[in-house]
Amino acid sequence: MNVKRGDKPVKRIIKYRHLVQLLFFVLIAAIAINKTLVETGGGIEWLSTASLHAICPFGGVVTLYELVTQGDLIQKIHLSSLVLMGLVFTLALLAGPVFCSWICPLGSVQEGFSRLGRRIFKKRFNQFVPRRLDHLLRYGRYLVLAWVVYATARSASLIFSDYDPYQALFSLWEEDLAVSGALILAVTLLGALFVERPWCKYACPYGALLGLFNKVRIFKIRRNPATCIACNKCDRACPMNIQVSEMEVVKDVQCISCLECTSENQCPVADTVNLQIRSFQKEES
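Residues numbered from 1 in each chain as written. Predicted model: local features only at pLDDT ≥ 70, side-chain atom pairs only at ≥ 80, totals over all residues. Heavy atoms only, no water.

1. So, the pattern of salt bridges
Following the criterion strictly, the structure yields six salt bridges and no others. Note that R17 is salt-bridged to E260, the shortest N-O span being 2.9 Å. Here the residue R17 occupies a position in helix α1 (residues 12–39), and E260 occupies one in the loop between α13 (233–237) and β2 (273–276), the gap between them amounting to 243 residues. No difference in accessibility class separates R17 from E260, as the two residues are buried. (Salt bridge = Lys/Arg side-chain N within 4 Å of Asp/Glu carboxyl O. Helix = DSSP H or I, 4+ residues; strand = E, 2+ residues; numbered from the N terminus. Buried < 20%, exposed > 50% of the residue type's maximum accessible area, 1.4 Å probe, protein only.)

2. A few points about the pairing of strand β1 (residues 220–223)
Both faces of β1 are covered, namely the face carrying K220 and R222 and the face carrying I221 and R223. The pairing of β1 with β2 spans four bridges and is classified as antiparallel. Each bridged residue has a counterpart across the sheet, and for R223 the counterpart in β2 is V273. (Pairing = 2+ DSSP bridges.)

3. Quick look at the nonpolar core
Grouped together as the largest cluster of nonpolar side chains are 58 residues, with contacts concentrated most on F58, F170, Y206 and L210. Residues in contact with F170, not counting those within four places in the same chain, are F25, I28, A29, A32, L52 and P105. (Core = buried A, V, L, I, M, F, W, Y, C linked by side-chain atoms within 4.5 Å. Contact = heavy atoms within 4.5 Å.)

4. Focus: the domain arrangement of the protein chain
Partitioning the protein chain into structural domains gives domain 1 (8–213) and domain 2 (214–284). Centre-to-centre, using C-alpha coordinates, domain 1 lies 25 Å away from domain 2. In this complex, domain 1 contributes 31 residues to the contact, which on the side of domain 2 involves 24 residues. Of the roughly 2200 Å² buried between domain 1 and domain 2 on both sides combined, carbon and sulfur atoms contribute 50%. Counting across the domain 1 and domain 2 interface gives one salt bridge. Linking domain 1 to domain 2 there are 25 residue pairs in polar contact (both at pLDDT 80 or more). Among the elements of the structure, α1, α4 (79–95), α5 (98–103), α8 (140–155), α11 (198–202) and α12 (205–211) are those that each provide at least two residues to the side of domain 1 that touches domain 2. (Domains from an automatic or database assignment. Buried area = accessible area lost by both parts, 1.4 Å probe. Polar contact = N/O pair within 3.5 Å; in protein donor to acceptor, adjacent residues only side chain to side chain.)

5. A look at a nonpolar patch on the surface
A cluster of nonpolar side chains, contributed by L93, L94, V216, I218, F219, L275 and I277, occupies part of the molecular surface with about 550 Å² of accessible area. Residue position: I218 is located in the loop between α12 and β1. (Patch = residues over 30% accessible without salt bridge, like charges linked within 9 Å, V, L, I, M, F, W, Y side chains within 5 Å. Areas by Shrake-Rupley, 256 points an atom, 1.4 Å probe, with all protein chains shown as cover.)

6. Some points on α4
End to end, α4 covers 25 Å across 17 residues, agreeing with the expected 24 Å (1.5 Å per residue, within 8%). Those residues of α4 not exposed but buried are S81, L82, M85, V88, A92 and A95. Remark: G96 follows α4 within two positions and exhibits a positive phi of approximately 85°. (Expected span 1.5 Å × (residues − 1).)

7. A look at the environment of V187
Along the chain, V187 turns up in helix α10 (residues 179–191). Under the relative-accessibility criterion, V187 is labelled exposed at 59%. A sequence separation of 33 residues divides V187 from K220, and the C-alpha atoms of the two residues are 33 Å apart.

8. Looking at the packing of aromatic side chains
Within the structure shown, the criterion is met by 11 aromatic pairs. Ring geometry for Y166 versus F170: centroids 5.7 Å apart, planes at 70°, classification edge-to-face. F170 shares its class with Y166; the two are buried. In textbook terms, an aromatic cluster arises when at least three aromatic residues are bridged by ring pairs, as seen for F58, F99, W147, F160, Y163 and Y206. (Phe/Tyr/Trp six-rings, centres within 6.5 Å; stacked < 30°, edge-to-face > 60°.)

Here it is as C-alpha cells:
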C-alpha cells in the first residue's frame with residue numbers, strides 16, 4: 001500500500017499550547033506577587049483575596065473528605081478551588097489531562113529546563129532512567145496521592161503545602177518559604193535537565209488523578225495503522241515516553257494531552273496520529 005507523506009508538520013497547535021502556558025504562568029505569578037505586595041502595604045487590594053490556594057484545583061480534591069464529613073473546607077482552601085476542580089475534571093473527561101500540559105506552571109517550567117537539557121545531552125536526553133526502573137518509579141505519584149489525601153483528612157490541614165514544589169515556585173521571595181518545598185523544587189528542576197517532566201512522571205498527585213481520565217476520555221489520541229510508516233517519531237516526541245507507535249488508541253495514564261506526537265507536530269504523515277472521537281476504521285468505512 002502506497003502511503004502519501006504529508007507536508008512538513010504544522011506546529012500551530014503546539015505554538016498555541018506554549019502561548020497558553022505562558023499566559024497562565026504570568027497570571028499566577030502576578031497573583032502570587034500581588035498577594036505579597038498587599039501584605040507589605042502595596043499591590044492591588046481588591047485582588048488580594050486571590051491566592052495560590054484559591055486558584056489551585058487540587059485544593060478541591062484534598063478538601064473533599066472534610067467537606068463531606070464536616071461540611072466545611074480545610075484551612076486555606078477556598079470555594080473557588082472546588083469550582084476549578086470541577087472545570088479541570090470536565091476538561092479531563094473531554095480530552096484528558098490538558099491541565100498538566102496546557103495550564104500547570106510547574107509543568108511549563110520543567111519543560112523550559114528540559115529544552116536546555118535536550119540541547120546538552122541531545123539524543124541521550126530523557127533516556128537516562130532504565131525502562132524497568134522508570135516503570136516502577138511511575139507508581140510513586142499514586143503513593144504521594146494516597147498520602148496527601150490520607151494525611152489531609154486526618155489532620156484537617158493542608159500538610160502537602162510544605163512539600164509542594166508548585167507552592168515553592170511562587171513563594172521563593174517570601175520569608176516563610178518552606179525549606180522542604182524549595183528543596184523538592186530544586187531537585188525537580190535539576191532532574192528536568194535529564195528527564196522530561198520528572199515531577200509529573202514520578203511524584204505529582206494531581207497528575208496521577210487526572211491521568212485516570214485517559215481511560216474514559218471522549219476525545220482520544222488515535223493512531224491510524226493503515227497510514228503509519230513506523231518512523232517512531234511519535235515515540236520520540238512524547239515527553240512521557242509513551243510508545244504511541246504500538247497503540248491504536250492512547251489510553252496510557254501518563255499521557256498529558258500535549259499533542260506533541262500528532263500529525264500536526266511530529267508525525268510526518270497527515271491524519272495518522274490525531275485527537276478525535278471516532279476510530280480511523282469507522283471513518284474509513
